[in-house]
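# Examining the three-dimensional arrangement
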Amino acid sequence: MGGGSADSVPRIGRAQMGEGVCFLDTTGVEANAALRVGRASEASRMNVGVAHSEVNPNTRVMNSRGIWLAYIILVGLLHVVLLSIPFFSIPVVWTLTNVIHNLAMYVFLHMVKGTPFETPDQGKARLLTHWEQMDYGLQFTSSRKFLSISPIILYLLASFYTKYDAAHFLINTASLLSVLLPKLPQFHGVRLFGINKY
């Protein structure tokens, strides 16, 4: 391709970080006249790395940086808030933590359909739950494994701290099954008895 050295290639610009946004400073950069669309302003800046390239952001949100830690912290915070209520015993708090967690997980992952964003997918995501949209429907990804294991771990903790009491055990088991069964690949896109079909 060219016989020139790397030193002969003109520099395009330099990156600047400021207020959480990365800018590419292009002032003083000469461009080919055929590629120039319009006049550059004095402080022409271009945003670099601030926009996502996903058609549907729901597909990758659980792979975002820090989301798993935030999830664990929120579950721990829920447990601490329930522990601070004086008339709840330890077994009741663990069962409530498990049931509230699984209820929220069921509602947000398996019941609510569509996307809060306007997506250019022509309504393909409108009839899919968040779980079905996640990772473009691929099964057994790291985020799906994390969201499948976390209710199991919470169930084991709740069962241990309730000392396997029969009433707590039945409630916790029913709660666990209500969030684990919809996560199975066999139930991908399935609506039992027409519930949540539209």
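Small disclaimer: the values here were computed from a predicted structure and weren't measured. (Residues numbered from 1 in each chain as written. Predicted model: local features only at pLDDT ≥ 70, side-chain atom pairs only at ≥ 80, totals over all residues. Heavy atoms only, no water.)

### Considering the side chain of Thr162
As a reminder, the rule being used: Numbering of helices and strands starts at the N terminus; helices are DSSP runs of H or I of at least 4 residues and strands are runs of E of at least 2. For the purposes of these results, a polar contact is taken to be a pair of N or O atoms within 3.5 Å, where, inside protein, one atom must be able to donate a hydrogen and its partner to accept one; residues adjacent in sequence count only when each atom of the pair is a side-chain atom. Any two residues whose heavy atoms approach within 4.5 Å are treated as being in contact.
In this fold, Thr162 is placed in the loop between helix H4 (142-161) and helix H5 (166-180). There is a polar contact of 2.8 Å between the side chain of Thr162 and the backbone oxygen of Ala158. With residues near it in sequence (within four places) discarded, Thr162 still touches Pro91, Trp94, Thr95 and His168.

### A word on the UniProt feature "transmembrane region" (unreviewed entry) in the protein
Put simply, the rule is: UniProt positions are given in the numbering used here, feature names are shortened, and annotations may be inferred rather than shown by experiment.
Residues annotated in UniProt with the feature "transmembrane region" (unreviewed entry) correspond here to residues 66-85 and 91-109. In residues 66-85, helix accounts for 85% and strand for 0%; the two terminal C-alpha atoms are 29 Å from one another.

### A look at H5
This is how it is decided: The span one expects for a helix is its residue count, reduced by one, times 1.5 Å. Exposed residues in this analysis have more than 50% of their type's maximum accessible area, buried residues have under 20%, and partly exposed residues fall in between, with area computed by a 1.4 Å probe over protein chains only. As used here, the arc is the angular range of directions from the helix axis to the C-beta atoms.
With 15 residues, H5 should cover 21 Å at 1.5 Å per step; its first-to-last C-alpha distance of 21 Å lies within 8% of that length. Along H5, the residues that are buried comprise His168, Asn172, Ser175, Leu176, Val179 and Leu180. Down the axis of H5, the buried set is contained in an arc of 125 degrees. They therefore lie on one face. Residues of H5 that are exposed and point more than 90 degrees away from the buried face comprise Ala166 and Leu170.

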